[in-house]
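# Notes for the structure review
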Amino acid sequence: DAKTTQPPSMDCAEGRAANLPCNHSTISGNEYVYWYRQIHSQGPQYIIHGLKNNETNEMASLIITEDRKSSTLILPHATLRDTAVYYCIVRGLYNQGGKLIFGQGTELSVKP
Amino acid sequence: DTEVTQTPKHLVMGMTNKKSLKCEQHMGHRAMYWYKQKAKKPPELMFVYSYEKLSINESVPSRFSPECPNSSLLNLHLHALQPEDSALYLCASSPQFYNEQFFGPGTRLTVL
């Protein structure tokens, strides 16, 4: 079973920041938080991952709370092309053999 | 070449047919994966290959038979499928099993 809880859907205005929350209260010390997204009819796309520090790349920022029980993915200036299902995944790198266990995700709709 | 390719894009087969799905990557990745995704559901892991050896089989029925003939190629052989096996079949690869995964666009399979 997925170890994360996400809201089923969210809306965001184009050009505004999209903040997608994820709860992972049972996360273990050696488990990372990964974010993927899936645009309709395409394969999932890796966005970002982190262990405990905040992370930023060209796509997004990942903010992890100090207790690591929740995180937020931030798309700083959402565009219509960011409309997708966003999956937050908790993953132990070395003890799960490469498994990605997807939860239900958040369906983000970016509106003009 | 920085992508995972999958062929065919669409496949329709009868329950007595034998068919194969193909996945290819030329990024030098040593881990490859098959996922199954039903409509409106998240992807579910089926198989993991690491260095051309099967490392994870998520209790997939034997009518699905994976094969990794070399480090760039992953096949999924299909035989005697059921209509409920109709789904999007996604292939992914990663440098090693503990790295982020890159997904192909998928093969949409319909079993009649």
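Just so we're clear, the structure is a prediction, and the values are computed from it rather than from any experiment. In every chain, residue numbers begin from 1 and rise along the written sequence. Throughout, the order in which chains and ligands are written sets their labels, letters from A for the former and numbers from 1 for the latter. Only residues with pLDDT of at least 70 are given local features in this predicted model, and only at 80 or more are side-chain atom pairs given and counted; all residues enter the totals for whole chains, interfaces and linings. As a rule here, side-chain values come from all non-hydrogen atoms in the structure, and water together with hydrogens is ignored.

### Let's talk about the packing of aromatic side chains
Residues and elements named next belong to chain A. What counts as a ring pair is set by centres within 6.5 Å for rings of Phe, Tyr and Trp (its six-membered ring), and what kind of pair is set by the plane angle: stacked under 30 degrees, edge-to-face over 60, tilted for all other angles. Per the counting criterion, the structure on display carries 12 aromatic pairs over all chains. Both rings, one in Y34 and one in Y36, keep their centres 6.4 Å apart while their planes meet at 15 degrees; by these two values the pair is stacked. We call a charge positioned above a ring when the Lys NZ or Arg CZ atom is no farther than 6 Å from the ring centre and deviates by at most 35 degrees from the ring normal. One cation-aromatic arrangement involves R91 over Y34; the distance from NZ or CZ to the ring centre is 5.2 Å.

### Side note on the interface of chain B and chain A
Much of the literature gives interface size as the accessible area that the parts lose upon coming together. The partner chain A presents 21 residues to the 20 residues of chain B that form the contact. The quantity reported as buried area is the accessible area (1.4 Å probe) lost by two parts once they are put together, taken as the sum for both. Counting the surface lost from both chain B and chain A, the interface buries some 1600 Å², and carbon and sulfur atoms represent 57% of this. For salt bridges, the criterion is a side-chain nitrogen of Lys or Arg within 4 Å of an Asp or Glu carboxyl oxygen. At the junction of chain B and chain A, the tally comes to one salt bridge. In this structure, K99 of chain A engages E58 of chain B in a salt bridge whose closest nitrogen and oxygen atoms are separated by 3.2 Å. The term polar contact refers here to a pair of N or O atoms within 3.5 Å; inside protein, the definition further demands a hydrogen-donor-capable atom paired with an acceptor-capable atom, and it admits residues adjacent in sequence only when both atoms are side-chain atoms. Inspection of the chain B/chain A interface yields five residue pairs in polar contact (both at pLDDT 80 or more). What counts as a helix is a DSSP run of H or I of at least four residues, what counts as a strand is a run of E of at least two, and both are numbered from the N terminus. Top element by residues in the side of chain B that touches chain A is strand 4 (residues 31-37) of chain B. It accounts for three residues. Only heavy atoms matter for contacts: two residues are in contact if any of them lie within 4.5 Å across the pair.

### Points about the sheet that holds strand 6 (residues 61-64) of chain A
Hydrogen bonding along the main chain pairs the strands of a sheet, whether they run parallel or antiparallel. All names here are of chain A. Spatial strand order, 2-7-6-5: four strands in an open sheet with antiparallel pairing. This sheet does not close on itself; its edge strands, each paired only once, are strand 2 (18-23) and strand 5 (55-56). When strand 6 meets strand 7 (residues 70-75), the two strands line up antiparallel, connected through four bridges. If you follow L62 over to strand 7, its bridge partner there is L73. Strands pair, by our definition, only if DSSP identifies at least two bridges between them.

### Quick look at the sheet that holds strand 3 (residues 31-38) of chain A
All names here are of chain A. Taken together, five strands build an open sheet; the order of strands is 1-9-8-3-4 and the sheet is mixed. The two strands at the open ends of the sheet, each matched to only one other strand, are strand 1 (9-13) and strand 4 (45-50). Taken pair by pair, the neighbouring strands of this sheet meet at an average axis angle of 25 degrees, ignoring direction. Where strand 3 lies against strand 8 (residues 84-92), eight bridges are found, and the strand directions are antiparallel. By the bridge assignment, Y34 is partnered in strand 8 with I89. Axis definition: a line fitted to C-alpha atoms, over the contacting stretch in the case of helices. Angles run 0 to 180 degrees between N-to-C directions.

### What to know about the state of the cysteines
In this description, the term disulfide denotes a pair of cysteine sulfurs within 2.5 Å. Applying the stated rule across the entire model yields two disulfides over all chains. Across a sulfur-sulfur distance of 2.1 Å, C22 of chain A and C88 of chain A are joined as a disulfide pair. Judged by the sign of its S-S torsion, about -80 degrees, the cystine formed by C22 of chain A and C88 of chain A is left-handed. Of this pair, C22 of chain A sits in strand 2 while C88 of chain A is found in strand 8, placing the two residues 66 residues apart along the sequence. Remark: exposure states derive from per-residue accessible area (1.4 Å probe, protein chains only) relative to the maximum for the residue type, with buried under 20%, exposed over 50%, and partly exposed in between. On the basis of relative accessible area, C22 of chain A is assigned to the buried category, the value being 1%. Bridging C23 of chain B to C91 of chain B, the disulfide has an S-S length of 1.8 Å. Between C23 of chain B and C91 of chain B, the S-S dihedral sits near -70 degrees, and the bridge is therefore left-handed. Placement of the pair is C23 of chain B in strand 3 (residues 18-25) and C91 of chain B in strand 9 (residues 87-94), with a sequence separation of 68 residues. C91 of chain B matches C23 of chain B in its accessibility class, with the two residues each being buried. Of all cysteine sulfurs, the one in C22 of chain A lies closest to C12 of chain A, which takes part in no disulfide; the gap is 18 Å.

### Remarks on the layout of surface pockets
Estimated volume of the largest pocket: approximately 680 Å³. Lining the largest pocket are 28 residues, with H40 and V85 of chain A together with Q37, K40 and K41 of chain B positioned closest to its centre. The set of elements that each furnish at least two residues to the lining of the largest pocket consists of strand 8 and strand 9 (106-111) of chain A together with strand 9 and strand 11 (107-111) of chain B. When residues of the lining of the largest pocket are assigned to their parent elements, the largest contribution, four residues, is made by strand 9 of chain A. In this classification, the charged set is Asp, Glu, Lys and Arg, the nonpolar set is Ala, Val, Leu, Ile, Met, Phe, Trp, Tyr, Cys and Pro, and all remaining amino acids, among them Gly, are polar. A breakdown of the residues in the lining of the largest pocket according to their chemical character gives 11 nonpolar, 12 polar and five charged. Grid points spaced at 1 Å over the protein atoms alone were grouped into cavities, where a 1.4 Å probe fits but cannot get out, and pockets, open sets with protein on both sides within 12 Å along at least five of seven lines, with lining residues defined by an atom within 4 Å of a point. Grid points are joined across faces, edges and corners, and a volume is the space filled by probe spheres set on the points.

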